[in-house]
Amino acid sequence: MCTRSRLGVFMICVALVLGLALAASAAEKPKDFPSRPVTIMVGFGAGGSSDVGVRILAEALKKIIGQPVLVENKAGAGGQVMWTDFKNNAKPDGYTLALVNVPQLQTTVFDATRKPAFAMKDFQMVANHVQDPGAILVRAESPFKTLEDLLNAARANPRQVKASTTGIGSDDHLAVLDVERKAKVQFNIIHLVDTAAALKAVLGGHTDADFDNVGGFLPTVKSGQGRMLAVFDDKRFPDAPDVPTLKEMGIELVSSSTRGYVYPAGTPMEIVRYMEESIKKAMDDPDHIKRMKEAGLTLKFMGGEEYAKFMESQNDRAKDLIGLYRK
């Protein structure tokens, strides 16, 4: 046999082996699943950045699994209302997922004063979807043109400048506390139920500044109703290149809301693996990528194992920060 023929046979064999390996690594579709719509529960109101990301994913995911993907909002207590309902009522049959927000989940689980009806062990990690950087927004008419203006006012008038968050223990709340500590200022912190409520308050002049996430702010900024004073990331956000980072202004702080999906503990692993792979495929859908970018939401896929390790890595940080705001 000539060298060229041998090489051809060798390449075919390699391709077959790789194909078999990929087929073996892919999660098989569980028998008869899904045979009806799948629901994703969201602990925040419709229209906020958490909700928007889930709805965009749901559109792509239904094409992968061949069933409708419904979104159910149960806002309240920074996600605690929904997570309690999920723990008490969601069956481990693969038909109900919940969105979890980090660090909100940890600051709820490990804060004894909140008396959570659930623990970390009650959640089976499936996949992470988004890592949304924190930011500060003021209304367009605000006298605070820069972050320095805002901090100077808070420094000169302790606990008079009103700063809103999406709830106790949220990434926004922790960001306010970190800014207070690092910039040596004190805000009058106002906790609201979700992004929509916080935006309404700041745009209506009921609060002076809103601490939330870029994904929740971009539509307001693009409409000209508000402006961001800073983003809490290592580098400037691509769709808001004129907004400086806190680090640029001498405040060493990076903060984000990391959002992914969980099943109730005890869900069959063949379903967990199938949905993990299906979420990854949905996230790779070009239309999903385009719509998430337009919404200002940064994709960050983590599969079940990596996501579980990430969750574990956040536990100690959350416990430390709970001690800070429960003083």
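To start, this report covers the structure provided alongside it. (Residues numbered from 1 in each chain as written. Predicted model: local features only at pLDDT ≥ 70, side-chain atom pairs only at ≥ 80, totals over all residues. Heavy atoms only, no water.)

### Details of the pattern of salt bridges
Argument step 1. Applying the stated rule across the entire model yields 17 salt bridges.
Argument step 2. As a salt-bridge pair, E294 and K290 come within 2.9 Å of each other at their nearest N and O atoms. Taken together, the residues E294 and K290, both in helix α10 (residues 286-294) and 4 residues apart, mark about one turn of the helix.
Argument step 3. For E294, a relative accessible area of 45% translates into the label partly exposed.
Argument step 4. One salt-bridge network, held together by shared partners, links E72, K74 and D85. (Salt bridge = Lys/Arg side-chain N within 4 Å of Asp/Glu carboxyl O. Helix = DSSP H or I, 4+ residues; strand = E, 2+ residues; numbered from the N terminus. Buried < 20%, exposed > 50% of the residue type's maximum accessible area, 1.4 Å probe, protein only.)

### Overview of the environment of L324
Argument step 1. Tracing the backbone shows L324 in helix α11 (residues 304-325).
Argument step 2. Judged by its relative accessible area of 22%, L324 falls in the partly exposed class.
Argument step 3. The spacing of L324 and P143 is 181 residues in sequence and 30 Å in space, taken between C-alpha atoms.

### What to know about the packing of helix α6 (residues 171-183) against α11
Argument step 1. Contact geometry of α6 with α11 gives a least axis separation of 11 Å together with a crossing angle of 65°. As summarised for this structure, α6 and α11 are arranged roughly perpendicular, according to the angle between their axes. Viewed along their axes, α6 and α11 form a crossing whose handedness is left-handed. Contacts between α6 and α11 involve H173, L174, L177 and R181 on the former and, on the latter, R317, L321, L324 and Y325.
Argument step 2. Across the contact of α6 with α11, the residue classes tally to 5 nonpolar, 1 polar and 2 charged. (Axes fitted to C-alpha atoms, helices over the stretch in contact; angles between N-to-C directions. Parallel < 35°, antiparallel > 145°, perpendicular 65-115°, else oblique. Left-handed = near helix turned anticlockwise from the far one by under 90°. Contact = heavy atoms within 4.5 Å. Nonpolar A, V, L, I, M, F, W, Y, C, P; charged D, E, K, R; others polar.)

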